[in-house]
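Breakdown of the fold
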Amino acid sequence: MVDLEIDESLLTLRFLPPYAETDERDYLAALARVGEHDAPFELLTVFGGGGKLSVAGEREQALWFKATRGHISARCRAVAIVRPGANKKMEETFRKLWPMPLVALEDEIAARAFLAEHRGGA
């Protein structure tokens, strides 16, 4: 299941079980919407660890990172990645892509607390 929820400035992208055949297309469509979001935002991604992209999907995701890097860097205040096995090495990898404050955690509550610290106007 892939879902993108937009609640004020918080964008929450979930890629969780139960997985479906449409997940890859839904995930890439959700990324496109994130990449087009024009107002300042915080990004929370929650992955279950079981959904996988095809080689073509991985390539499309990589192209999305490249194409949206400037736009996301200018508008996103902070990113929290929640997934099983999240660690500092994962944070370092994503920090090479994006300059904003970023954490990789296994706990969604801690991730939301991190993003709240970076919410605009707070």
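Note: the structure precedes this text.
I will try to describe carefully the structure that is included in this document. Here, residues in each chain are numbered from 1, in the same order as that chain's written sequence. The model is predicted, so local features are restricted to residues of pLDDT at least 70 and side-chain atom pairs to those at 80 or more, both for listing and for counting; the totals for chains, interfaces and linings are taken over all residues. To get the side-chain values, all heavy atoms of the structure are used, and hydrogens and water are removed first.

**So, unusual backbone geometry**
Of the consecutive residues Pro17 and Pro18, the connecting peptide bond is found in the cis state with omega at 0°. In this text, helices come from DSSP runs of H or I with a minimum length of four residues, and strands from runs of E with a minimum of two, each type numbered from the N-terminal end. Tracing the chain through its elements places Pro18 in the loop between strand 2 (10-15) and helix 1 (23-36).

**Remarks on the environment of Arg25**
Locating Arg25 in the fold gives a position in helix 1. A relative accessible area of 48% places Arg25 in the partly exposed class. Sequence spacing of Arg25 and Gly85 is 60 residues, and the spatial spacing of their C-alpha atoms is 25 Å. Exposed residues in this analysis have more than 50% of their type's maximum accessible area, buried residues have under 20%, and partly exposed residues fall in between, with area computed by a 1.4 Å probe over protein chains only.

**Things to note about helix 1**
Under the 1.5 Å per step criterion, the end-to-end length of helix 1 is 20 Å for 14 residues, consistent within 8% with the ideal 20 Å. Listing the buried residues of helix 1 in full gives Asp23, Glu24, Tyr27, Leu28, Ala30, Leu31, Val34 and Gly35. Projection of helix 1 onto a plane perpendicular to its axis shows the buried side chains occupying an angular sector of 155°, all on one side. Buried residues along helix 1 sit in contact with strand 1 (2-7), strand 2, strand 3 (41-47) and helix 2 (55-75). In a helix, the anticipated span is given by 1.5 Å times the number of residues less one. Directions are taken from the helix axis to each C-beta atom, and the arc is the one they span. Here, two residues are considered to be in contact whenever any of their heavy atoms come within 4.5 Å of each other.

**Structural notes on the side chain of Thr45**
When you line up the elements, Thr45 lands in strand 3. Classification of Thr45 as buried rests on a relative accessible area of 7%. Once residues lying within four places of it in the same chain are set aside, the contact partners of Thr45 are Leu13, Ala80, Ile81 and Val82.

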